[in-house]
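# Structure at a glance
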Amino acid sequence: MSDGGLLALLPGLKQCLNLHTLSLNMNHLVLHQECAVAFGNLMMETQCARVTLAHNIIGDIAIRHLASHFRENHHLEALSVSENRISAEGSGPLAAALLKCKVLREFSIRGNLLGDKGAEELGGCLASHGALRRLLIGQNSMSMDGVQALMVTLVDCIIDDREDDD
């Protein structure tokens, strides 16, 4: 599904006010600005609690647009943005926004391009997130220094890098 396909689907999804889980895996979504804003609005209007955007092509620009919507979402319990070409440039704003999601318990950002800098920024923001219980962050080109920095900041979170059904 392209961004155009998602934009066509969104009006119907907005009618699902009790939408709890939305999975848009492996759709080659880029989420250009218009689509990212419309998708963010959908999440706010439906109060969707579990969102999976894994295995798309979202990247840093779109994740920054989505981050502004995540910041205002008080229902988001689980988010997966695995395998989306997100680098340290996008992970910082995303982590800062997710810090505001007080009920977020699960977050998967594995298989991106965070590197040591992105992992450290992410860990620094999420370390004070009291509800987070599961973080999947493997396969992000981190050195041992980056992994150690992340571990130091996340002692209260469970870091789980098992394969699952993103």
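Residues numbered from 1 in each chain as written. Predicted model: local features only at pLDDT ≥ 70, side-chain atom pairs only at ≥ 80, totals over all residues. Heavy atoms only, no water.

## As for the overall build of the chain
The secondary structure content of the chain amounts to six helices and five strands. For the chain, the sequential pattern of α-helices and β-strands runs α-β-α-β-α-β-α-β-α-β-α. What you see for the chain is a C-alpha radius of gyration of 15 Å, in line with the 15 Å of a compact globule of 166 residues. Per-residue burial for the chain yields a buried fraction of 49% across its 166 residues. Side-chain charges in the chain split into 13 positive and 20 negative, and the spacing between the mean points of these groups amounts to 5 Å. (Helix = DSSP H or I, 4+ residues; strand = E, 2+ residues; numbered from the N terminus. Rg over C-alpha atoms; globule rule 2.2 N^0.38 Å. Buried < 20%, exposed > 50% of the residue type's maximum accessible area, 1.4 Å probe, protein only. Lys, Arg positive; Asp, Glu negative; His and termini not counted. Charge placed at Lys NZ, Arg CZ, Asp CG, Glu CD.)

## Points about the sheet that holds strand β3 (residues 78-80)
Ordered by their spatial adjacency, five strands build an open sheet running β1-β2-β3-β4-β5, and the pairing between neighbours is parallel. Strand pairing shows two members of the sheet lacking a second neighbour, β1 (21-23) and β5 (134-136), which therefore form its edges. Direction aside, neighbouring strands of the sheet carry axes that sit 5° apart on average. Taken together, the three bridges between β1 and strand β2 (residues 50-52) define a ladder with parallel strand orientation. Looking across to β2, one finds that Ser23 is bridged to Thr52. (Pairing = 2+ DSSP bridges. Axes fitted to C-alpha atoms, helices over the stretch in contact; angles between N-to-C directions.)

## Focus on the packing of helix α2 (residues 33-46) against helix α3 (residues 59-71)
Look at α2 against α3: their axes get within 9 Å of each other, and the N-to-C directions meet at 25°. The orientation of α2 relative to α3 falls into the category roughly parallel. By crossing handedness, the relation of α2 to α3 is classed as right-handed. Contacts between α2 and α3 involve Gln33, Ala36, Val37, Phe39, Gly40, Asn41, Met43 and Met44 on the former and, on the latter, Ala62, His65, Leu66, His69 and Phe70. For the contact of α2 with α3, a count of residues per class yields eight nonpolar, five polar and no charged. (Parallel < 35°, antiparallel > 145°, perpendicular 65-115°, else oblique. Left-handed = near helix turned anticlockwise from the far one by under 90°. Contact = heavy atoms within 4.5 Å. Nonpolar A, V, L, I, M, F, W, Y, C, P; charged D, E, K, R; others polar.)

## So, unusual backbone geometry
Even without a glycine there, the phi angle at Arg85 is positive, about 60°. Within the secondary structure layout, Arg85 lies in the loop between β3 and α4 (88-98). Its identity is not glycine, yet Ser141 carries a phi of approximately 55°, on the positive side. Looking at the element boundaries, Ser141 is found in the loop between β5 and α6 (144-153). For Ser141, a relative accessible area of 61% corresponds to the exposed category.

Everything listed here is a matter of coordinates, which is why it stays silent on function.
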